[in-house]
Amino acid sequence: MAPNNFNIRQIEAFETWPIRHVVMWSDKPINYVQLKNDMFGKHFGLFVDDKIVSVVSLFGGSKEIQFRKFATLKEYQGRGYGTVLLKHIIEIAKKEGYQKLWCNARVNKTAFYEKFHFKQTDKQFVKGGIQYVIVEKDE
């Protein structure tokens, strides 16, 4: 079921950091979730009643675009907000003419991405004790 009472808008990188931190790496210092290339990305927030509850950042190349640091506050997970935000960036990738959209997915989250026709690659790695796999979607 699609959530109600929300809006998505482009935000500044620093606005993503608190959610990235609390959802993904709360045991690390906040600078752990700040990316060296944040200043070159496009950052999006999903707001519910003017409260930012989900974030994602896009980094484009010439033919492909990567999304990173996709996070939804725990109390808002399972309500469809992440789905809405992911669909939003899929549409952006299509509109901007990218041939591929991809991310480094936590292995335990791959089923979520498969619902959107992302396919797992054979590229895997471990970061911070967490297993990741690259998933990608051709546009």
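Draft legend 1. Broad picture of the environment of Lys 127. The topology assignment puts Lys 127 in strand E6 (residues 119-127). On the basis of relative accessible area, Lys 127 is assigned to the partly exposed category, the value being 30%. In this view, Lys 127 contacts Trp 25, Tyr 32, Lys 69 and Tyr 132; residues no more than four positions away in its chain are not counted.

Draft legend 2. Region of the structure containing helix H2 (residues 81-95). Between its first and last C-alpha, H2 extends 21 Å over 15 residues, near the 21 Å set by a 1.5 Å rise per residue. Burial in H2 covers these residues: Tyr 81, Gly 82, Val 84, Leu 85, Leu 86, Ile 89, Ile 90, Ile 92 and Ala 93. Positioned one or two residues after H2, Gly 97 has a phi angle of 80°, which is positive.

Draft legend 3. Expanded view of the pattern of salt bridges. A complete count under the given rule lists 5 salt bridges for this structure. Across the pair Glu 91 and Lys 94 runs a salt bridge, and its minimum N-O distance is 3.8 Å. You can see Glu 91 and its partner Lys 94 sitting in helix H2, 3 residues apart, about one turn around the helix. For Glu 91, a relative accessible area of 38% corresponds to the partly exposed category. Since its relative accessible area comes to 45%, Lys 94 is described here as partly exposed.

Draft legend 4. Spotlight on the packing of aromatic side chains. Enumeration according to the criterion identifies 11 aromatic pairs in this entry. Between Phe 6 and Tyr 81 the ring centres are 6.4 Å apart and the planes differ by 80°, which places this aromatic pair in the edge-to-face class. Pair noted here: Phe 6 is in strand E1 (residues 6-11) and Tyr 81 is in helix H2, with a separation of 75 residues, a long-range link. Where Phe 125 meets Tyr 132, the ring centres are 5.2 Å apart and the plane angle is 10°; that geometry is what we call stacked. Members of the aromatic cluster, each reached through a chain of ring pairs, are Phe 67, Phe 70, Phe 112, Tyr 113, Phe 116 and Phe 118. When the ring centre of Phe 47 is taken as reference, the NZ or CZ atom of Arg 9 above it lies at 3.6 Å.

About the thresholds
- Residues numbered from 1 in each chain as written.
- Predicted model: local features only at pLDDT ≥ 70, side-chain atom pairs only at ≥ 80, totals over all residues.
- Heavy atoms only, no water.
- Helix = DSSP H or I, 4+ residues; strand = E, 2+ residues; numbered from the N terminus.
- Buried < 20%, exposed > 50% of the residue type's maximum accessible area, 1.4 Å probe, protein only.
- Contact = heavy atoms within 4.5 Å.
- Expected span 1.5 Å × (residues − 1).
- Salt bridge = Lys/Arg side-chain N within 4 Å of Asp/Glu carboxyl O.
- Phe/Tyr/Trp six-rings, centres within 6.5 Å; stacked < 30°, edge-to-face > 60°.
- Lys NZ or Arg CZ within 6 Å of the ring centre and 35° of its normal.

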